[in-house]
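# Coordinates in review
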Amino acid sequence: MNEKKERVPPNQRVAYDEFPVLHVGPVPKFNPEKWDFTVEGLINNPLRLNYSEFLKLPIVVSVSDFHCVTGWSILDSKWEGVAFKTIFDLVKPKENARYVTVIDESGYTTSLPLEDLMHKDVLLAYELNDKPLEPAHGAPLRLVVPHKYAYKSAKWVRTLRFTEKQELGFWEKRGYSNSADPWKEERYA
Ligand SMILES: Nc1nc2c(c(=O)[nH]1)N[C@H]1C(S)=C(S)[C@@H](COP(=O)(O)O)O[C@H]1N2
Ligand SMILES: [Mo]
């Protein structure tokens, strides 16, 4: 197998032009006066940050690939934002916390095990390829989980909820895989 092939999960095609835009519903309006980022559930330090407070958190940069379950992949996107680990350390999860439900501005949800979110390249991003993230790509803040199909990379994130049991997200309720590993082609439940 050549190196290019190994970079792309089975039955995915690399989209070489524009970064595609895909989501359900309209792109939400961002109001920096009203926007906040909250963390709730099984944590010892509930957190609420407004937009300027969020921007003061330590920044990480991560270059990663992105795989949509419908079959397109984007290679080498440069994301900038806050590592999930930074949030984890701030909120001090309780012993029994195992999963995090990620909730967007208008009710889109997805859930991931904590160990997946602790990967180094998982972040809450506000820049893509050296530019502020565009509204259609999830501004002001989106999750990026490169090693899962992209429906786990929720856009327009407002809330993280730490839970003991895994909650089913928007697509996961509709038959898509909860584990969503593109390398194992876990597309459907
Ligand atoms: N809030 C929200 N996030 C979402 C979605 C959505 O419908 N709503 N769609 C997901 C899916 S299926 C994909 S492929 C990616 C697409 O991200 P992009 O539009 O930046 O390419 O966003 C994911 N995050
Ligand atoms: Mo997708």
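Here's what I pulled together on the structure shown here. Because the structure is predicted, anything quoted here is derived from the model rather than measured.

Along the protein, the regular secondary structure elements total four helices and eleven strands. Computed over its C-alpha atoms, the radius of gyration of the protein comes to 16 Å, within 12% of the 16 Å expected for a compact globule of 189 residues. A principal-axis box enclosing the C-alpha atoms of the protein has dimensions of 50 × 35 × 30 Å. Long-range pairs, those at least 24 residues apart, make up 68% of the contacts in the protein with a sequence separation of at least 6. For the protein, the computed accessible surface area is about 9,900 Å², with 52% contributed by carbon and sulfur atoms. Of the side chains in the protein, 26 bear a positive and 27 a negative charge, and the two mean positions are spaced by 3 Å.

With that settled, the discussion passes to the nonpolar core. Counting 34 residues, the largest nonpolar core has Phe37, Phe54, Ile87 and Leu160 as its most contacted members. Going through the elements one at a time, strand 2 (36-41), strand 3 (47-50), helix 3 (84-91), strand 6 (99-104), helix 4 (114-117), strand 8 (123-128) and strand 11 (157-163) are the ones with two or more residues in this core. Counting residues in each nonpolar core, the second largest holds 13 residues, with Cys68, Ile74, Trp79 and Leu133 among its members.

Inspection of the secondary structure assignment puts glutamine 12 in the loop between helix 1 (3-7) and strand 1 (13-14). Owing to a relative accessible area of 9%, glutamine 12 belongs among the buried residues under this scheme. As a C-alpha pair, glutamine 12 and histidine 67 span 55 residues in sequence and 7.5 Å in three-dimensional space. Setting aside its immediate chain neighbours within four residues, glutamine 12 contacts His67, Cys68, Gly71, Trp72, Ser73, Tyr149 and Arg187. Separated by 3.1 Å, the side chain of glutamine 12 and the backbone oxygen of tryptophan 72 make a polar contact. A polar contact is formed between the side chain of glutamine 12 and the side chain of serine 73, at a distance of 3.1 Å.

Let's shift gears to the packing of aromatic side chains. By the definition in use, this model includes 18 aromatic pairs. A centroid spacing of 6.2 Å and a plane angle of 20° characterise the contact between phenylalanine 84 and phenylalanine 162, whose relative ring orientation is stacked. Residue phenylalanine 84 is found in helix 3, and its partner phenylalanine 162 is found in strand 11; the two are separated by 78 residues along the sequence. For the pair phenylalanine 170 and tryptophan 171, a centre-to-centre distance of 5.0 Å together with 90° between the ring planes defines the contact as edge-to-face. Given a relative accessible area of 27%, tryptophan 171 falls into the partly exposed group. Ring pairing ties together the aromatic residues Phe30, Trp35, Phe37, Tyr51, Phe54 and Tyr126, which thus form one cluster. Positioned over the ring face of phenylalanine 170 is arginine 174, at 3.7 Å from the centre of the ring.

What counts, and at which threshold
Residues numbered from 1 in each chain as written. Chains lettered and ligands numbered in written order. Predicted model: local features only at pLDDT ≥ 70, side-chain atom pairs only at ≥ 80, totals over all residues. Heavy atoms only, no water. Helix = DSSP H or I, 4+ residues; strand = E, 2+ residues; numbered from the N terminus. Rg over C-alpha atoms; globule rule 2.2 N^0.38 Å. Contact = heavy atoms within 4.5 Å. Areas by Shrake-Rupley, 256 points an atom, 1.4 Å probe, with all protein chains shown as cover. Lys, Arg positive; Asp, Glu negative; His and termini not counted. Charge placed at Lys NZ, Arg CZ, Asp CG, Glu CD. Core = buried A, V, L, I, M, F, W, Y, C linked by side-chain atoms within 4.5 Å. Buried < 20%, exposed > 50% of the residue type's maximum accessible area, 1.4 Å probe, protein only. Polar contact = N/O pair within 3.5 Å; in protein donor to acceptor, adjacent residues only side chain to side chain. Phe/Tyr/Trp six-rings, centres within 6.5 Å; stacked < 30°, edge-to-face > 60°. Lys NZ or Arg CZ within 6 Å of the ring centre and 35° of its normal.

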